[in-house]
Amino acid sequence: MNRAWVETDYYSILGVPNGASKDEIRRAYRKLAQQHHPDANNGDEKAEERFKEVSEAYAVLSDDEKRKEYDEVRRLVGTGGYRDGAFGFPGFNGQRGGGTNFEDIFSGMGGMGGLGDLFGGGAGPARSARGRDVTTTVTLDLPDAINGVSRTVRITGDTSCSRCGGAGAEPGTSPTVCTTCGGSGRTNLNQGLFSFAQPCPQCAGSGQVIPTPCTTCRGSGTERRVRTISVKIPAGVEDGATVRAKGKGAPGPRGGQPGDLLIQVKVRPHDQFGRKGDHLTSRAVIGFPDAALGTQIEVPTLDEPVRVKIPAGTQPGTQFRVKGRGVPRKGGRRGDLIVTVDVEVPRRLSRKAKKALVDYASITGEPLTEEEDTDE
Ligand SMILES: [Zn+2]
Ligand SMILES: [Zn+2]
């Protein structure tokens, strides 16, 4: 592949339009060649440089075949087919028939992001692909989410073959160096005017072939089965969070790096506690006399209950903060438990209680509306 073709516009060097006729090109060349000929410029370097450019441009554009190829290259440049020193052929995604399935090779190489690597030279076999990430869900009760817990999850999917340990070769045999690419993992592919390195189709870029494939995995090195994986859910995890267990996903093909296991955490609603960031929330109900006179109440936490002092004159909706009984934070500190106090108004009163309240009202001077006694 002639890099100069990609970078140089021969038409503009000769000052002719892209579709110029052979005559136009010849005339333009003669004029410029005379003008910049070293003999006519006393060895001036700039003129000499220009003369070379003009000659090179003419050499390509005056040759029908070369000009056709040059135009094709320029067309690819113009359409963005040429990037970062690598040719992405317009027909790459399957239009081009033939024996090699490019998409397969690329997906095995870790996606299109690896294109630059594949074509950019670089010695040695292409790197092995990483295994896929695998996603699973665990549902936790709030105390487990707060305190952290170990869980066992069962994953059905590809895993290292139990017979060959992932090598793909029947036990007792071993992979051999690929003869097609000599172990480099790359071959040169000629596509008309282009020649570029591609992953070796024989060994898919690994540089090795397996003469006697494992009978269990037929050489793939992976088999599908149920795996039981123990995962540690860190303390304080929130509903909807994703925990990543590195290297617990699908194994990489042919001994490549395994993917990760992504654990999506769901937290069941708790009947006593809510959560607000690092804080837990709860409600406590006290009677009107306790709210008015003050008291101490026992409040449940995720550990043992604590006593909370309710001062005299506490209003409904007042919040009390129990320090350090919330969600563990990084660095060992914990959030708080925030208790909201409800004051309960009695729904039914005995005659005695009612009389006491009427007396209370008359003492405090609160206006009372006369009302029929609806009690039986
Ligand atoms: Zn196997
Ligand atoms: Zn090979």
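See the structure shown above.
The model shown is predicted, which means the values in this text are computed figures rather than measured ones.

### Here we look at unusual backbone geometry
Inference 1: Here A204, not a glycine, exhibits a phi torsion of approximately 55 degrees, which is positive.
Inference 2: The topology assignment puts A204 in the loop between β7 (194-199) and β8 (208-209).
Inference 3: Taking the number of C-beta atoms within 10 Å as the measure of exposure, A204 has 20 and is therefore buried.
Inference 4: Despite not being glycine, R218 has its phi angle at roughly 50 degrees, a positive value.
Inference 5: Classification of R218 as exposed rests on a count of 12 C-beta atoms within 10 Å.

### Let's talk about the sheet that holds strand β3 (residues 134-140)
Inference 1: An order of β3-β11-β10 is seen for the three strands of this open sheet, with the pairing classed as mixed. Two strands in the sheet have a free side with no partner beyond their single neighbour: β3 and β10 (242-245). When strand polarity is set aside, the average angle formed by the axes of neighbouring strands in this sheet is 25 degrees.
Inference 2: In terms of strand pairing, β3 meets strand β11 (residues 261-267) through seven bridges, oriented parallel. Bridging from a neighbouring strand, T135 pairs with L262 of β11.

### What about the pairing of β11?
Inference 1: With four bridges joining them, β10 and β11 adopt antiparallel strand pairing. Residue pairing across strands places V243 opposite I263, the latter belonging to β11.

### Focus on the sheet that holds strand β13 (residues 279-287)
Inference 1: Strand order in the open sheet made by the four strands is β12-β13-β17-β16, with mixed pairing throughout. The open sheet has two edge strands with one neighbour each: β12 (274-276) and β16 (319-322). In this sheet, neighbouring strand axes are inclined to one another by 35 degrees on average, regardless of whether the strands run parallel or antiparallel.

### Points about the environment of E238
Inference 1: Within the secondary structure layout, E238 lies in the loop between β9 (222-233) and β10.
Inference 2: Separated by 27 residues in sequence, E238 and V265 have C-alpha atoms that sit 7.3 Å apart.

What counts as what
- Residues numbered from 1 in each chain as written.
- Chains lettered and ligands numbered in written order.
- Predicted model: local features only at pLDDT ≥ 70, side-chain atom pairs only at ≥ 80, totals over all residues.
- Helix = DSSP H or I, 4+ residues; strand = E, 2+ residues; numbered from the N terminus.
- Buried ≥ 20, exposed ≤ 12 C-beta atoms within 10 Å, placed from the backbone.
- Pairing = 2+ DSSP bridges.
- Axes fitted to C-alpha atoms, helices over the stretch in contact; angles between N-to-C directions.

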